[in-house]
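Chain by chain, the residues:
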Amino acid sequence: MPKYLVMVMDDIAKIKIAKDTSFALLLEGQRRGYRLRYLNEDQLFLNGAVACTQMRSLQVQDDPNQWFELGEEETRPLGADDLVMMRADPPVDAGYLYATYLLERAERAGARVVNRPRALRDCNEKLAIAHFPDLIPDTLVTSLAERIRSFVKERGKAVLKPLDGMGGRGIFLASAADPNLNVIIETLTSNGSQLAMAQQFLPGIADGDKRVLMVHGQPVPWMLARIPGSQDFRGNLARGGRGEGRPIGKAERKIAAAVGPFLVENGVEFAGLDVIGDRLTEINVTSPTCVRELDQQFETNIAGTLFDALEA
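A few points on the structure. All values derive from a computational prediction rather than experimental measurement. (Residues numbered from 1 in each chain as written. Predicted model: local features only at pLDDT ≥ 70, side-chain atom pairs only at ≥ 80, totals over all residues. Heavy atoms only, no water.)

Structural notes on the sheet that holds strand S15 (residues 270-276)
Item 1. The strand order across the open sheet built from 5 strands is S14-S13-S12-S15-S16, with neighbouring strands paired in antiparallel fashion. The sheet is open, and its two borders are formed by strand S14 (242-247) and strand S16 (279-284), each paired with just one other strand. Within this sheet the neighbouring strands show an average axis-to-axis angle of 25°, counted without direction.
Item 2. As paired elements, strand S12 (residues 209-215) and strand S13 (residues 218-227) share 6 bridges and run antiparallel to each other. The partner of arginine 211 across the bridge, within S13, is leucine 224. (Pairing = 2+ DSSP bridges. Helix = DSSP H or I, 4+ residues; strand = E, 2+ residues; numbered from the N terminus. Axes fitted to C-alpha atoms, helices over the stretch in contact; angles between N-to-C directions.)

Have a look at this one:
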């Protein structure tokens, strides 16, 4: 069993521990006796063919005033003693992709990397839903403005979004009569030079954008419905949405049963499915969240469930 939990994440000093899933994983790893190591993705490097990292030892505690303490710096190769969790937030840009190539070298040296580096590259969080055409809303991915305008016109309303965002950033609700529609399309496609996604607007968003967490292909029995605030159509908690915990229902179980084998086959041990009504809208594999909120509402230990699966 690995001795170290190596957490690749964004600046730990800036997280909100009441909502941060990476922090929940660090707490659980520390409780189980792993030696914690912390780094940002740009602290990975390749020495010849060997993936190495410049990292700091770390201790964490569930205290909103002082939740972490960094120790000595350590520079070494990654290998069989390491459980590496790649939890850096999108965008999945060039720096992120290069980090996955380095982590793949670490994987070949015996490190356990969660989620698998190849999956982080191949399973784009917006595009991966195309593997499940019967479960998704009407969806278009294109860089051509006229195709997007036609899509919006045919459906009356559509949600337009970039392919590499998170937390509701850069997402628009547009109608054919919207005087800003052309500007929205130009912005998202960078004047026709990059792909963007258009999805049928789902009125079920009023009941919440439901996050279903998946551990080794199985759904956590509870989900977080992120309900939009009065000033926004987006349910994202970062955009003013309200989180309401619920038991997962029949529609969510059906989606989870279809997606679960795909996740396991691709080495995705921990994922978050976004479901509106009975439609799958995204598959989050980079840094799925909502663990802390569900644990607080239902006295669960979802991080523990993940570690149990990894250690099994």
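With respect to the nonpolar core
Item 1. If you look at the biggest cluster of nonpolar residues, it comprises 42 residues, and the most contacted ones within it are Val84, Met86, Val259, Leu263, Leu273, Leu280 and Ile283.
Item 2. Leave out the neighbours within four places in its chain, and valine 84 touches Val6, Val8, Leu78, Leu103, Ala111, Arg112, Val113 and Val114.
Item 3. Ranked by size, the runner-up nonpolar core spans 32 residues in total, among them Ile17, Phe23, Leu58 and Cys290. (Core = buried A, V, L, I, M, F, W, Y, C linked by side-chain atoms within 4.5 Å. Buried < 20%, exposed > 50% of the residue type's maximum accessible area, 1.4 Å probe, protein only. Contact = heavy atoms within 4.5 Å.)

Points about the packing of helix H1 (residues 21-31) against helix H8 (residues 302-311)
Item 1. One way to put it is that H1 packs onto H8 with a least axis distance of 9 Å and a crossing angle of 60°. Between H1 and H8, the interaxial angle falls into the category oblique. The interaxial crossing formed by H1 with H8 has right-handed handedness. In this structure, H1 uses Ala24, Leu25, Glu28 and Gly29 to contact H8, whose residues at the interface are Ala303, Gly304, Leu306 and Phe307.
Item 2. Split by residue class, the contact of H1 with H8 holds 5 nonpolar, 2 polar and 1 charged. (Parallel < 35°, antiparallel > 145°, perpendicular 65-115°, else oblique. Left-handed = near helix turned anticlockwise from the far one by under 90°. Nonpolar A, V, L, I, M, F, W, Y, C, P; charged D, E, K, R; others polar.)

A word on the side chain of arginine 37
Item 1. Tracing the backbone through its elements, the reader meets arginine 37 in strand S2 (residues 35-39).
Item 2. Sequence-distant contacts of arginine 37, that is, excluding residues within four places in its chain, are made with Tyr4, Leu5, Val6, Met7, Met55, Arg56, Ser57 and Glu74.

A word on the sheet that holds strand S9 (residues 157-162)
Item 1. Pairing within the open sheet is antiparallel, and its 4 strands lie in the order S8-S11-S9-S10. Each edge of the open sheet carries a strand with a single partner, namely strand S8 (139-142) and strand S10 (172-175). Going from strand to strand, the sheet's axes swing by 25° on average, the running direction of each strand aside.
Item 2. Of the strand pairs in this sheet, S9 and strand S11 (residues 196-200) are connected by 5 bridges, and their pairing is antiparallel. Counterpart to alanine 158 in the pairing with S11 is glutamine 200.
Item 3. Helix H5 (residues 181-189) rests against S8, S9, S10 and S11 of the sheet, and its axis sits at about 30° to S9.

Quick notes on unusual backbone geometry
Negative phi is the rule for most residues except glycine; trans is the rule for most peptide bonds.
Item 1. In this model, proline 90 is joined to proline 91 through a cis peptide bond whose omega is 20°.
Item 2. Mapped onto the secondary structure, proline 91 falls in the loop between strand S6 (82-86) and helix H2 (94-108).
Item 3. The amide bond that connects valine 114 to the next residue, asparagine 115, takes the cis arrangement and shows omega of -5°.
Item 4. We note that serine 190 has phi near 50°; this positive angle belongs to a residue other than glycine.
Item 5. Within the secondary structure, serine 190 is located in the loop between H5 and S11.
Item 6. Judged by its relative accessible area of 36%, serine 190 falls in the partly exposed class.
Item 7. At cysteine 290, a position not held by glycine, the phi torsion is positive, near 95°.
Item 8. Among the structural elements, cysteine 290 can be located in the loop between S16 and helix H7 (291-298).
Item 9. What makes cysteine 290 buried here is its relative accessible area of 1%.

Focus: the packing of aromatic side chains
Item 1. For the coordinates displayed, the defined rule picks out 4 aromatic pairs.
Item 2. Centre to centre, the rings of tyrosine 34 and phenylalanine 307 are 5.6 Å apart; their planes meet at 50°, and the pair counts as tilted. With tyrosine 34 in the loop between H1 and S2 and phenylalanine 307 in helix H8, this pair connects stretches of sequence that are 273 residues apart.
Item 3. Given a relative accessible area of 6%, tyrosine 34 falls into the buried group.
Item 4. Phenylalanine 307 gets classed as buried once you look at its relative accessible area, which sits at 0%.
Item 5. Look at tryptophan 222 and phenylalanine 298: their rings are 3.9 Å apart centre to centre, the planes differ by 15°, and that puts the pair in the stacked class. (Phe/Tyr/Trp six-rings, centres within 6.5 Å; stacked < 30°, edge-to-face > 60°.)

Details of the side chain of threonine 286
Item 1. As for its placement among the helices and strands, threonine 286 is situated in the loop between S16 and H7.
Item 2. A relative accessible area of 4% means that threonine 286 is categorised as buried.
Item 3. Leave out the neighbours within four places in its chain, and threonine 286 touches Met86, Arg87, Ala88, Pro90, Val92, Tyr96, Leu120 and Glu125.

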